[in-house]
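Structural overview
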Amino acid sequence: MDSYFFVNYPTMIKMNITGMTLEEMEQLMESIGQPKYRASQLFTWLYKKRVDSIDEITVFSKSLRQQITELVEIKQVEIADRQISKDNETIKFLFRLKDGHFIESVYMVDGKRRTVCLSSQVGCTLGCSFCATGAMGFQRNLTVGEIIDQLLTILKTLKVEVTNLVIMGMGEPFLNYEAVIRACDIISHCDGISIGKRKITISTAGIVPKIKQFADDGQGFKLAISLNAVDDQMRSQLMPINKKYPINELLNAAKYYASKSRHLITFEYLMIGGINDSIKDAIKLKKLLKGLRCKLNIIPYNATDGQFKIPSEEKIDAFIRELLESKIVISVRRSKGADIDAACGQLYHNYIK
Ligand code: SAH
Ligand code: SF4
């Protein structure tokens, strides 16, 4: 997590202001003898008006602007590359971090819905066999500021507002739990970026204790679980984390969440040709999800390295038909942005190559 020095801060190290909560800004203002309301102004100008420099905050005197500029830094990420899909509806950003690492974020338009997908880690420890991020290994967790600045940079660059946010980019958000939750809290704050909590979804590969904590904490954010397979043998092959938290434990955690939250859980089902796309799989899935209030999002596999096959349209249709009678709300993520490496971690790989 970001660490700040409010007293005796070393002159050389600047604080990351992007990623600070209102309370932390109040402490910062207090440490330089300023009243509390200055922190509210700073919060609004940073997250709502989205200034690029403290000097643009015209409600501050010139000397206060100078004083704060010496203490803090705004930018946490910079754009290294950008790809736009042929239909102009998906834009993928590759960001360079201050230590030279790269992460990705995606902006997607679908009718009136404008969604940004953010990364939570550089790489991922979980090594799912279908995932380009998994193949990178793990470098480090992102800070609160780096998570938020992906979004701020996209909003500033495209001059848009977004309706939805998903933490579904590189990394496992529940293995960087505190920073992710803190970032989402700041993003949902009504004096800042102000994306409603119900419009923010966090996707996990199934870190069972964190799903329970998320339920207990009563976070208003939505939960998505990447299920991806219906039996432990296959799921462990695709997602090694299943050996630690097998399907029955995962579904028990999901039920626990469902008992505590008003929100429906979304199960993501990454469908891979010849691996998990049979009618048998659909029947088993129906059984597994029986009685659980949930939505199902089918994600056809996006080819990363040729190891797996994309499922055929016929298989996807038959799979859905089998599930329709179960009354589960089903959606299919049609290959949006397939022409621009839009699966998690792919742009990074092609850039590095
Ligand atoms: N670690 C979290 C969130 C990031 S991965 C999780 O696993 O849920 C986000 C989603 O991208 C997951 O649902 C994953 O199944 C999907 N994904 C990964 N590689 C993919 C690929 N090659 N094609 C399509 N979806 C992919
Ligand atoms: Fe990590 Fe999610 Fe990719 Fe699995 S799918 S390697 S958990 S980012």
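Residues numbered from 1 in each chain as written. Chains lettered and ligands numbered in written order. Predicted model: local features only at pLDDT ≥ 70, side-chain atom pairs only at ≥ 80, totals over all residues. Heavy atoms only, no water.

Turning next to the overall build of the chain. Along its length, the chain carries 13 helices and 14 strands. Relative to the compact-globule value of 20 Å for 353 residues, the chain shows a C-alpha radius of gyration of 21 Å, a close match. Within the chain, the proportion of its 353 residues that are buried is 55%. The long-range share in the chain, meaning contacts at least 24 apart out of those at least 6 apart in sequence, stands at 65%. Within the structure as shown, the chain displays about 16,000 Å² of accessible surface, and the carbon and sulfur contribution to it stands at 50%. Taking the average place of the 48 positive charges on the side chains of the chain and the average place of its 40 negative ones, the gap between the two points comes to 5 Å. (Helix = DSSP H or I, 4+ residues; strand = E, 2+ residues; numbered from the N terminus. Rg over C-alpha atoms; globule rule 2.2 N^0.38 Å. Buried < 20%, exposed > 50% of the residue type's maximum accessible area, 1.4 Å probe, protein only. Contact = heavy atoms within 4.5 Å. Areas by Shrake-Rupley, 256 points an atom, 1.4 Å probe, with all protein chains shown as cover. Lys, Arg positive; Asp, Glu negative; His and termini not counted. Charge placed at Lys NZ, Arg CZ, Asp CG, Glu CD.)

Under the domain assignment used here, the chain contains domain 1 (15–73) and domain 2 (77–352). Computed over C-alpha atoms, the centres of domain 1 and domain 2 are 33 Å apart. Taken together, the 16 residues of domain 1 in the interface contact 17 residues of domain 2. Of the roughly 1,300 Å² buried between domain 1 and domain 2, counting both surfaces, carbon and sulfur atoms make up 57%. At the junction of domain 1 with domain 2, the criterion picks out four salt bridges. A salt bridge links arginine 182 to glutamate 24; its shortest N-O distance comes to 2.6 Å. Of all the secondary-structure elements, those providing two or more residues to the side of domain 1 that touches domain 2 are α1 (22–31) and α2 (37–47). (Domains from an automatic or database assignment. Buried area = accessible area lost by both parts, 1.4 Å probe. Salt bridge = Lys/Arg side-chain N within 4 Å of Asp/Glu carboxyl O.)

What follows covers the packing of aromatic side chains. Inspection of the entire model under this criterion finds seven aromatic pairs. When the centroid spacing of 5.8 Å and the interplanar angle of 5° are considered together, the rings of phenylalanine 93 and phenylalanine 95 count as stacked. Phenylalanine 95 shares its class with phenylalanine 93; the two are buried. Sitting over the face of the ring of tryptophan 45, lysine 49 holds its NZ or CZ atom 4.8 Å from the ring centroid. Lying across the ring of tyrosine 177, lysine 210 places its NZ or CZ 5.0 Å from the centre. (Phe/Tyr/Trp six-rings, centres within 6.5 Å; stacked < 30°, edge-to-face > 60°. Lys NZ or Arg CZ within 6 Å of the ring centre and 35° of its normal.)

In this section: the site of ligand 1. Close to ligand 1 lie 19 residues; Gly169, Gly171, Ser203, Ser226 and Asn302 are nearest. In this structure, an oxygen atom belonging to ligand 1 sits 2.6 Å away from a side-chain N or O atom of serine 226. A distance of 2.9 Å separates a nitrogen atom of ligand 1 from a polar backbone atom of asparagine 302. For ligand 1, whose unbound accessible area comes to 530 Å², protein coverage reaches 94%. Elements with a contribution of two residues or more to the shell around ligand 1: β10 (200–204) and β12 (265–271). Its residues placed into classes, the shell around ligand 1 shows nine nonpolar, eight polar and two charged. (Near = heavy atom within 4 Å. Polar contact = N/O pair within 3.5 Å; in protein donor to acceptor, adjacent residues only side chain to side chain. Nonpolar A, V, L, I, M, F, W, Y, C, P; charged D, E, K, R; others polar.)

What follows is about the sheet that holds strand β5 (residues 102–110). Pairing within the open sheet is mixed, and its ten strands lie in the order β3-β4-β5-β6-β9-β10-β11-β12-β13-β14. Each end of this open sheet is capped by a strand with a single partner; those strands are β3 (77–84) and β14 (329–332). With strand direction ignored, the average angle separating the axes of adjacent strands in the sheet is 20°. Sheet topology note: the strand β9 (residues 164–167)/β10 ladder contains three bridges and is parallel. The partner of leucine 165 across the bridge, within β10, is isoleucine 200. Running at roughly 165° to β10, helix α6 (residues 177–188) makes contact with β9 and β10 of the sheet. (Pairing = 2+ DSSP bridges. Axes fitted to C-alpha atoms, helices over the stretch in contact; angles between N-to-C directions.)

This part covers the packing of helix α7 (residues 208–217) against helix α10 (residues 247–260). The interhelical angle for the contact between α7 and α10, taken along N-to-C directions, is 5°, at an axis separation of 9 Å. Relative to α10, α7 is oriented roughly parallel. Of the residues in α10, those in contact with Val208, Ile211, Lys212, Phe214, Ala215 and Asp216 of α7 are Glu249, Leu250, Ala253, Tyr256, Tyr257 and Lys260. Grouping the amino acids of the contact of α7 with α10 by side-chain chemistry returns eight nonpolar, no polar and four charged. (Parallel < 35°, antiparallel > 145°, perpendicular 65-115°, else oblique.)

As judged from the five bridges shared by β5 and strand β6 (residues 113–117), these two strands associate in the antiparallel manner. Along β6, the bridge assignment pairs valine 109 with arginine 114. Hairpin connection between β5 and β6: a loop of two residues separates the two successive antiparallel strands, and glycine 111 in this loop has a positive phi of roughly 65°. Relative to β9, β6 is paired through three bridges, and the arrangement is parallel.

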